[in-house]
Amino acid sequence: MSGVEGLVAVVTGGGSGIGRACGEAFLAGGARVAALDLDPSGAPAGALAVVADVADSAALDRAMATAADAHGGIDVLVNSAGISAVGPVEANGDDEWQRVLDVNVVGVARASRAALPYLRRSAAGAIVNLSSIAATAGLVQRALYSASKGAVHALTLAMAADLVGEGIRVNCVAPGTVDTPWVARLLSNVEDPAGEKARLAARQPTGRLVAAAEVAAAVVYLSSRSAGGVTGTALPVDGGMSGLRLPPRPRA
Ligand SMILES: NC(=O)c1ccc[n+]([C@@H]2O[C@H](COP(=O)([O-])OP(=O)(O)OC[C@H]3O[C@@H](n4cnc5c(N)ncnc54)[C@H](O)[C@@H]3O)[C@@H](O)[C@H]2O)c1
């Protein structure tokens with residue numbers, strides 16, 4: 001039993017990468033899925049694909065209503081839509097700071113606000129946000145992105161406190177580097193993509209990138225009835241990156 005049988009899950013960013021993998025995992029577990037995305041054409045077969053921008057409150061209200069009408073309510077919201085930012089603190093101008101925080105942080109608040117009227121009617125209401133290892137570990141060249149994911153982590157805890165009395169659980173997952181189109185795009189912009197991919201893999205104690213399906217399995221667990229006692233947590237899915245301190249490997 002997956003613990004999500006019969007539930008309705010709305011996944012922002014459901015057209016690609018981790019969001020798409022979440023849609024697949026929910027469907028495999030017997031849930032119904034609505035994938036909200038700027039471009040939902042990559043949503044898994046069997047999901048309701050809905051065009052929506054998490055920077056647009058009115059569009060999100062319409063998208064949640066469409067999902068609830070089609071599937072008979074909403075039990076789970078997964079906030080996976082997000083965008084990247086690269087560089088140290090002086091690299092990004094005000095416009096980019098506002099854009100990334102607007103999508104990565106305010107987008108989570110907007111989608112949650114739009115979904116809450118439906119989650120309140122569910123007997124199994126849950127929200128799972130996509131944070132990152134970048135929220136709690138200092139990573140080079142990720143100042144703005146890390147700030148956005150630190151805010152997602154903090155927002156997760158505050159929302160969990162506010163909603164626990166209503167029976168709605170709020171958690172986040174904190175992935176390491178995951179093999180998705182996002183990372184493929186990042187790699188395509190560096191001088192030595194193969195070397196950079198090998199360095200990212202080596203940074204994780206497992207020695208490889210995390211698979212999107214592995215993150216999705218954690219999201220499905222946190223969304224499931226089996227996790228009824230779990231709220232206000234951040235679950236790392238990072239190949240051991242946050243918790244392990246291995247001895248340095250001898251240089252060849
Ligand atoms: N890939 C990683 O290594 C990694 C690691 C940690 C956390 N994350 C987080 O996981 C989430 C998903 O990342 P991914 O790797 O699957 O990326 P991805 O680029 O493959 O997918 C992101 C999806 O979000 C959509 N999106 C972007 N802006 C949107 C907007 N304004 N409104 C609606 N949809 C929008 C995109 O169209 C895309 O389909 C992000 O929040 C990211 O920060 C990713």
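Everything numeric in this text was worked out from a predicted model, so none of it was measured. (Residues numbered from 1 in each chain as written. Predicted model: local features only at pLDDT ≥ 70, side-chain atom pairs only at ≥ 80, totals over all residues. Heavy atoms only, no water.)

Peer 1: Would you mind going over the site of the ligand with me for this structure?
Peer 2: Residues in close proximity to the ligand total 28 residues, the closest being Ser-16, Ile-18, Asp-37, Tyr-145 and Thr-180. Interatomic distance of 2.6 Å between a side-chain N/O atom of Thr-180 and an oxygen atom of the ligand. Mapped by element, the contributors of at least two residues to the shell around the ligand are helix H1 (17-28), helix H4 (143-163) and helix H5 (181-188). Residue composition of the shell around the ligand, grouped by class: 14 nonpolar, 10 polar and 4 charged. Taken domain by domain, the shell around the ligand gets at least three of its residues from each of domain 1 (8-175 + 212-235) and domain 2 (177-209). (Near = heavy atom within 4 Å. Polar contact = N/O pair within 3.5 Å; in protein donor to acceptor, adjacent residues only side chain to side chain. Helix = DSSP H or I, 4+ residues; strand = E, 2+ residues; numbered from the N terminus. Nonpolar A, V, L, I, M, F, W, Y, C, P; charged D, E, K, R; others polar. Domains from an automatic or database assignment.)

Peer 1: Is there a simple way to think about helix H2 (residues 57-71) in this case?
Peer 2: Helical geometry: 3.6 residues make up each α-helical turn, so side chains three or four residues apart lie on a common side. Between its first and last C-alpha atoms H2 spans 21 Å; for 15 residues at 1.5 Å apiece the expected length is 21 Å, and the two agree. Among all positions in H2, only Ala-59, Leu-60, Ala-63, Met-64, Ala-67, Ala-68 and His-71 are buried. Along the axis of H2, the buried positions cluster into a sector of 165°, meaning they face one direction only. Set apart from the buried face of H2 by more than 90 degrees, the exposed residues are Arg-62 and Asp-69. The residue sitting at the N-terminus of H2 and contributing the capping side-chain oxygen is Asp-56; that oxygen lies 3.1 Å from the backbone nitrogen of Ala-58. (Expected span 1.5 Å × (residues − 1). Buried < 20%, exposed > 50% of the residue type's maximum accessible area, 1.4 Å probe, protein only. Arc of directions from axis to C-beta.)

Peer 1: Please explain the domain arrangement of the chain as it appears in this structure.
Peer 2: Many analyses report the size of an interface as the accessible area lost when the parts associate. If you check the domain split of the chain, you get domain 1 (8-175 + 212-235) and domain 2 (177-209). The C-alpha centroid of domain 2 is placed 23 Å from the C-alpha centroid of domain 1. With 14 residues of domain 1 at the interface, the matching set in domain 2 holds 8 residues. Note on domain 1 versus domain 2: buried area summed over both sides is about 790 Å², and carbon and sulfur give 65% of it. (Contact = heavy atoms within 4.5 Å. Buried area = accessible area lost by both parts, 1.4 Å probe.)

Peer 1: Is there a simple way to think about the pairing of strand E6 (residues 169-175) in this case?
Peer 2: Successive residues of a regular strand alternate their side chains across the two faces of the sheet. In terms of burial, E6 is a largely internal element, 7 of the 7 residues being buried. Burial along E6 is two-sided: the face carrying Arg-169, Asn-171, Val-173 and Pro-175 and the face carrying Val-170, Cys-172 and Ala-174 are both buried. The pairing of strand E5 (residues 126-130) with E6 spans 5 bridges and is classified as parallel. Considered in E6, the bridge of Ala-126 is made with Arg-169. A crossover connection joins E5 to the parallel E6 through H4; in handedness this β-α-β unit is right-handed. Note: E6 against strand E9 (residues 234-237), 4 bridges, orientation parallel. Its bridge partner lying in E9, Pro-175 is registered against Val-237. (Pairing = 2+ DSSP bridges. Right-handed = clockwise from strand over helix to strand, strands pointing away.)

Peer 1: How do you make sense of unusual backbone geometry when you look at a structure like this?
Peer 2: The bulk of non-glycine residues show a negative phi, and the bulk of peptide bonds are trans. One non-glycine residue, Gln-141, adopts positive backbone phi at about 65°. Structurally, Gln-141 is set in the loop between E5 and H4. The partly exposed category is assigned to Gln-141, whose relative accessible area is 43%.

Peer 1: How should I be thinking about the nonpolar core in this particular structure?
Peer 2: Of all hydrophobic cores here, the largest spans 28 residues; its most connected members are Ile-18, Cys-22, Phe-26, Val-78, Val-173, Val-215 and Val-219. Mapped by element, the contributors of at least two residues to this core are strand E1 (8-12), H1, strand E4 (76-79), E5 and helix H7 (212-223). Among the elements that line this core, the one with the most residues is H7, at 7 residues. One finds Val-10, Val-50, Leu-77 and Ile-168 within the second-largest nonpolar core, a separate group that totals 26 residues. (Core = buried A, V, L, I, M, F, W, Y, C linked by side-chain atoms within 4.5 Å.)

Peer 1: Mind showing me how you'd approach the environment of Ser-224 here?
Peer 2: Following the sequence through the fold, Ser-224 ends up in the loop between H7 and E9. Separated by 198 residues in the primary sequence, Ser-224 and Phe-26 place their C-alpha atoms 9.7 Å from one another. For Ser-224, the residues in contact, after removing those within four places along its chain, are Ser-2, Gly-3, Val-4 and Arg-169.

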